[in-house]
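Next come the chains, spelled out residue by residue.
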Amino acid sequence: MIYQSKFGAAAIPETLDVHSVVFSKDKYNSSSTALIDAVSGTRVSFKQLLQSIDALSAALYASLAFKKWNVVAIFSPNHIQYPTIVHAVLKAGGTVSPANPSYSVNELAFQLKDSGAKYLFVHPAVLETALAAAQKVGIAEKNIILLDEPSVVVPGPSRRTINQISAANKVPAPVVKLTREEIMQRPAYMCYSSGTTGLPKGVETTQYNVIANTWQYDAYQKKSREVMAGDVWTGVLPFFHIYGMVVSCHIGFHQSCAVVVFPKFDLTNWVNSLVKYNVSGAHIAPPIALAMAKHPMLDDYKFPKLRWMMSGAAPLAPEIIHAVHKRLGVVVNVGYGLTETSPVTHLLPASLALKYPNSIGLMIPNIEARIVNPDTGKDVEQGQEGELWVRGPNVMKGYHNNAKATADCIDKDRFFHTGDIVKVDENGMFYIVDRLKELIKCKGFQVPPAELEAYLLEHPAIADAAVIGRSDEACGEVPRAFVVLKPNVKCTDTEIIEFIDAKVAPHKKLRGGVEFVAEIPKSASGKILRRILRTQDAANLKK
Ligand code: 4UV
């Protein structure tokens, strides 16, 4: 059975590009605020934002020899220049590939090489890592541009900032027209996701995919009447992740809202900013909801303007929704989506969140779904559990240079297989009940077990290894390694944890610990049987 969205289908334009959808013509002269820096309080109007997008778009061609469909990587925490880079590249007809600013040299180099990035925009705070990674993959020095002036003297040649290259250029930007085919088929964004299995892959998201999701979100909100133009939103979710990228760098501007940009989540700055900037809506992830529900500091604050919060990227415990409501009088909406679906497919609105707090809600407009028994490939009966398959205009084009992984998750009918186990009730409410895929989510960030396993196997004492997620109240899940040592070698769990710590971003650290085992359970074809490890681990935890 194919489930259809109760909200029907919105007509999605096929010939408009992202720039014209997100920035209506009137915004070119608008003094309304588009961006606020949560730390310095600097404000950027729509007019200023659009001027800086145009100036950078022109400088890309004039000063950096940029060509259509070149890939531009961004390695930075959230910053008020971030949306300028994203939209300048899109307007110039390029592809943006945003990377997690906490990546190690190896992790960043992997993404730069795999995506084929030719340019790298970097925040000075992470310049050292960026330079080492850029050197590894051969990105030219002159193609490395800083988002901001460094606050300390950085060794090496002086590097140009966005403002410098934009101000130095006097040549107007060429008019880049994208054809319908380019809008619908060319990858314009390349965020990284491991999908259902293996190493991170470049998710080829077209301009049409993001326009579709902006449109779907809009159509849904008009029906649920929850968001109003003139709202002030928070941009605290990382812009390198598809959730933060689309809601904070696209949907907010499209809805003429101001976005308060947070370089990181710091509770004191967060609560002060909610008050100071009259924030009315906040896209968040479960750890922020947890802090809003439980942190004693919140006792001293009131947020009279805050009307809604939306949590996504990982499960949110129903008791947190109730606790936030009781404490702040605000209902946390829930959103569900994936990098591969650009990103949202399901939303749980405030009007339903207290009644169905363990649900991910309803399909948004234009989404169709099947719930399928993964063993038989047949639809399950309504109310039974199965893998969620979704179809819609927001489903990615595919994985970059990886036809096999694409074919494994997008079938001939264009249904995308999410790797999440769900069920749906008689009201059309969806519930996530398990995860079929390997993925671990720590604080909403992806931890691909295959990546950690590959690093573990580089350790001279390790013969075999498997990594699973262990439940954790603060992080949702934390990675835990099962390790088989080579015969007659000695090695401690601390040594292994430190070995991994040196190679990966903080969210991938083995916070769930290391367990030494005699063998890793595997199927006849050599696949790690993670379910067995997860069940054993949960049983051991209960002892
Ligand atoms: O690929 P990814 O890292 O993508 C995301 C995107 C999340 C969202 C959520 C709400 C939005 O409004 C939005 O714009 C984007 O996380 O990871 C995808 C996997 O994360 C889990 C699930 O296993 C997906 O396959 N996940 C995402 N949202 C939820 C979730 C949720 N609300 N509840 C439980 N698991």
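Look above for the structure.
Student: Now, about the site of the ligand: what can you tell me, with residues and values included?
Tutor: Near the ligand lie 21 residues; those nearest to it are His241, Thr339, Asp420, Lys437 and Lys441. In the model, an oxygen atom of the ligand is placed 2.6 Å from a nitrogen or oxygen of the Thr339 side chain. Within the side chain of Asp420, an N or O atom sits 2.5 Å from an oxygen atom of the ligand. Taking 660 Å² as the accessible area of the ligand by itself, protein coverage stands at 98%. Among the elements that make up the shell around the ligand, the one with the highest residue count is strand β14 (residues 331-337) (four residues). Partitioned by chemical class, the residues of the shell around the ligand number 11 nonpolar, six polar and four charged.

Student: Could you give me a rundown of the state of the cysteines, with the residues and numbers involved?
Tutor: With the rule as written, the count across this model stands at zero disulfides. Free of any disulfide, Cys249 has its nearest neighbouring cysteine sulfur in Cys191, separated by 10 Å. Classification of Cys249 as buried rests on a relative accessible area of 0%. For Cys475, which is in no disulfide, the shortest distance to another cysteine sulfur is to Cys442 and amounts to 4.2 Å.

Student: Please give an account of the pattern of salt bridges that cites residues and values.
Tutor: The full count for this structure, using the stated rule, is 22 salt bridges. Taking the shortest distance from any N to any O, the salt bridge between Glu182 and Lys68 comes out at 3.0 Å. Taken together, the residues Glu182 in helix α7 (residues 180-185) and Lys68 in the loop between α2 (46-64) and β4 (71-75) connect sequence positions 114 residues apart. Given the relative accessible area of 13%, Glu182 is considered buried. What makes Lys68 partly exposed here is its relative accessible area of 34%. Residues Asp413 and Lys412 are paired through a salt bridge, measuring 3.5 Å at the closest nitrogen-oxygen approach. A relative accessible area of 77% places Lys412 in the exposed class.

Student: Before we move on, could you go through the sheet that holds strand β21 (residues 430-435) and cite the residues and values that matter?
Tutor: Read from one edge to the other, the open sheet built from five strands follows the order β1-β17-β18-β20-β21, with strand pairing classed as antiparallel. Of all the strands in the sheet, just β1 (3-4) and β21 have a single pairing partner and so form its edges. Of the strand pairs in this sheet, strand β20 (residues 416-424) and β21 are connected by five bridges, and their pairing is antiparallel. When the sheet's bridge partners are listed, Val424 is paired in β21 with Phe430.

Student: Talk me through the pairing of strand β9 (residues 201-206); I want residue IDs and the actual numbers.
Tutor: Most of β9 sits out of view: six of its six residues are buried. Bridge count between strand β8 (residues 187-193) and β9: six bridges; the pairing is antiparallel. Note that in β9 the partner of Met190 across the bridge is Glu204. Judged from the two bridges that link them, β9 and strand β19 (residues 398-399) form a sheet pairing that is antiparallel. Across the sheet, Glu204 pairs through a bridge with Gly398, a residue of β19.

Student: Mind laying out the packing of α2 against helix α3 (residues 82-91), listing which residues take part and the relevant values?
Tutor: Two elements in contact, α2 and α3, have axes separated by 8 Å at closest approach and are oriented at 55°. Taken together, the axes of α2 and α3 are oblique relative to one another. In this structure, the crossing between α2 and α3 has a hand that is right-handed. Here Leu49, Ser52, Ile53, Asp54, Leu56, Ser57 and Leu60 of α2 come into contact with α3, specifically with Pro83, Thr84, Ile85, His87, Ala88, Val89 and Lys91. When grouped by side-chain class, the residues that make up the contact of α2 with α3 number eight nonpolar, four polar and two charged.

Rules behind the numbers
Residues numbered from 1 in each chain as written. Predicted model: local features only at pLDDT ≥ 70, side-chain atom pairs only at ≥ 80, totals over all residues. Heavy atoms only, no water. Near = heavy atom within 4 Å. Polar contact = N/O pair within 3.5 Å; in protein donor to acceptor, adjacent residues only side chain to side chain. Areas by Shrake-Rupley, 256 points an atom, 1.4 Å probe, with all protein chains shown as cover. Helix = DSSP H or I, 4+ residues; strand = E, 2+ residues; numbered from the N terminus. Nonpolar A, V, L, I, M, F, W, Y, C, P; charged D, E, K, R; others polar. Disulfide = S-S within 2.5 Å. Buried < 20%, exposed > 50% of the residue type's maximum accessible area, 1.4 Å probe, protein only. Salt bridge = Lys/Arg side-chain N within 4 Å of Asp/Glu carboxyl O. Pairing = 2+ DSSP bridges. Axes fitted to C-alpha atoms, helices over the stretch in contact; angles between N-to-C directions. Parallel < 35°, antiparallel > 145°, perpendicular 65-115°, else oblique. Left-handed = near helix turned anticlockwise from the far one by under 90°. Contact = heavy atoms within 4.5 Å.

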